[in-house]
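Descriptive structure summary
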Amino acid sequence: MELKILAVGDVVGHPGLNRVRRQLRQMKKRTGADFVVVNGENAAVVGITPDMAEDILDAGADVITMGNHTWAKREIVPYMDDCPRILRPANYAPQVPGRGWGVFETKAGDVAVIDLIGRCNMDYGPDNPFLMIEKILKEVQANIILVELHAEATSEKLAMGYLLDGRVSAVWGTHTHVPTADARVLPKGTGYVTDLGMTGPRDSVLGIRPDLSIAKFRGDLTERYRWAEGPAKTEAVLFTIDSQTGKCLRAERVDEWD
């Protein structure tokens, strides 16, 4: 039996949320996706609120993953403990709320989702994701294992992909909001893409109004970042997994634009 996994890039601001609310179920139907993972850490531009998380889940997501902005909206803290379908990076300090991985039921058996955050060129030093994933894999019993690495450096994400090739079903990167053209199956059967991209304003700089980003790079007095208006897009990758072997059969981009 084949299981189709839809991994959706970082949701940015109200345009991204509205796109998810309006389009995610239709996208699931068009792609035949059985299980959907959505990165939601930029739903409030920086962070996510419980109401936003509920909107994403109600729209058809099975799991929400987070990243470096996990705690930007402090009202999410109790929600992280209460809702098993939202994951923060597993290599955060062990005393923080929430969980870094979970196992979820599907028609083809259990699916494990593991959320990690990178360290290269990030602003702080979480635990080493390459060592953390080894610890987690010793505990995971599911046949289908999905790993997200929220990271800046393409080299770090590629290295994680090759480390896990043949050991997990799929590895994808998030964080940069720019989709990469390398969706493929690695030599030992793991689906891979360096970055999913984002779900949000099409005509923007990573979801933000271009003039605000330009001002920052010019050295002007800057304003608070705000999402761009106008048409929106969804950037995602569809992984087709053999549920018996846990191997990936296909990895293909399924980007959609207004």
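The rules behind these values
- Residues numbered from 1 in each chain as written.
- Predicted model: local features only at pLDDT ≥ 70, side-chain atom pairs only at ≥ 80, totals over all residues.
- Heavy atoms only, no water.
- Phe/Tyr/Trp six-rings, centres within 6.5 Å; stacked < 30°, edge-to-face > 60°.
- Helix = DSSP H or I, 4+ residues; strand = E, 2+ residues; numbered from the N terminus.
- Buried < 20%, exposed > 50% of the residue type's maximum accessible area, 1.4 Å probe, protein only.
- Core = buried A, V, L, I, M, F, W, Y, C linked by side-chain atoms within 4.5 Å.
- Contact = heavy atoms within 4.5 Å.
- Patch = residues over 30% accessible without salt bridge, like charges linked within 9 Å, V, L, I, M, F, W, Y side chains within 5 Å.
- Areas by Shrake-Rupley, 256 points an atom, 1.4 Å probe, with all protein chains shown as cover.
- Salt bridge = Lys/Arg side-chain N within 4 Å of Asp/Glu carboxyl O.
- Lys, Arg positive; Asp, Glu negative; His and termini not counted.
- Charge placed at Lys NZ, Arg CZ, Asp CG, Glu CD.
- 1 Å grid on protein atoms, 1.4 Å probe; cavity = no way out; pocket = protein on both sides within 12 Å on 5 of 7 lines; lining within 4 Å.
- Points joined across faces, edges and corners; volume = space filled by probe spheres on them.
- Nonpolar A, V, L, I, M, F, W, Y, C, P; charged D, E, K, R; others polar.

Take the packing of aromatic side chains next. In total, this model carries three aromatic pairs according to the counting rule given. Ring geometry for Phe-35 against Phe-104: centres 6.2 Å apart, planes inclined by 45 degrees, an arrangement best described as tilted. With Phe-35 in strand 3 (residues 35-39) and Phe-104 in strand 6 (residues 101-106), this residue pair connects regions lying 69 residues apart in the sequence. By relative accessible area, Phe-35 is classed as buried at 2%. Pairing Trp-71 with Tyr-92 gives two aromatic rings, centres 6.2 Å apart and planes at 35 degrees, and the pair type is tilted. With Trp-71 in the loop between strand 4 (63-65) and helix 3 (76-82) and Tyr-92 in the loop between strand 5 (86-87) and strand 6, this pair connects stretches of sequence that are 21 residues apart.

Time to look at the nonpolar core. Among the nonpolar cores identified, the biggest contains 29 residues, and Leu-6, Leu-24, Val-38, Ile-48, Ile-56 and Ile-86 are the most heavily contacted of them. Contributions of two or more residues to this core are made by strand 1 (2-8), helix 1 (13-31), strand 3, helix 2 (50-58), helix 3 and strand 14 (236-242). Each residue touching Ile-48, except ones within four places of it in the same chain, is listed here: Gly-40, Glu-41, Ala-43, Ala-53, Ile-56, Met-66, Lys-73 and Ile-76. Within the second largest apolar cluster, 22 residues are counted, among which are Phe-35, Leu-87, Ala-108 and Val-193.

Let us now look at a negative patch on the surface. Together, Asp-51, Glu-54, Asp-58 and Glu-75 make up a region of like negative charge exposed at the surface. Checked against the element boundaries, Asp-51 lands in helix 2. The exposed category is assigned to Asp-51, whose relative accessible area is 60%.

The subject of this paragraph is empty space enclosed by the protein. Applying the stated criterion across every chain yields a total of one cavity of 30 Å³ or more. There is about 30 Å³ of room inside the largest cavity. Taken together, Arg-19, Val-20, Gln-23, Leu-24, Met-27, Thr-199 and Thr-234 make up the full set of residues lining the largest cavity. Of the residues forming the lining of the largest cavity, the biggest block, five residues, is contributed by helix 1. Looking at the lining of the largest cavity residue by residue, the class counts come to three nonpolar, three polar and one charged.

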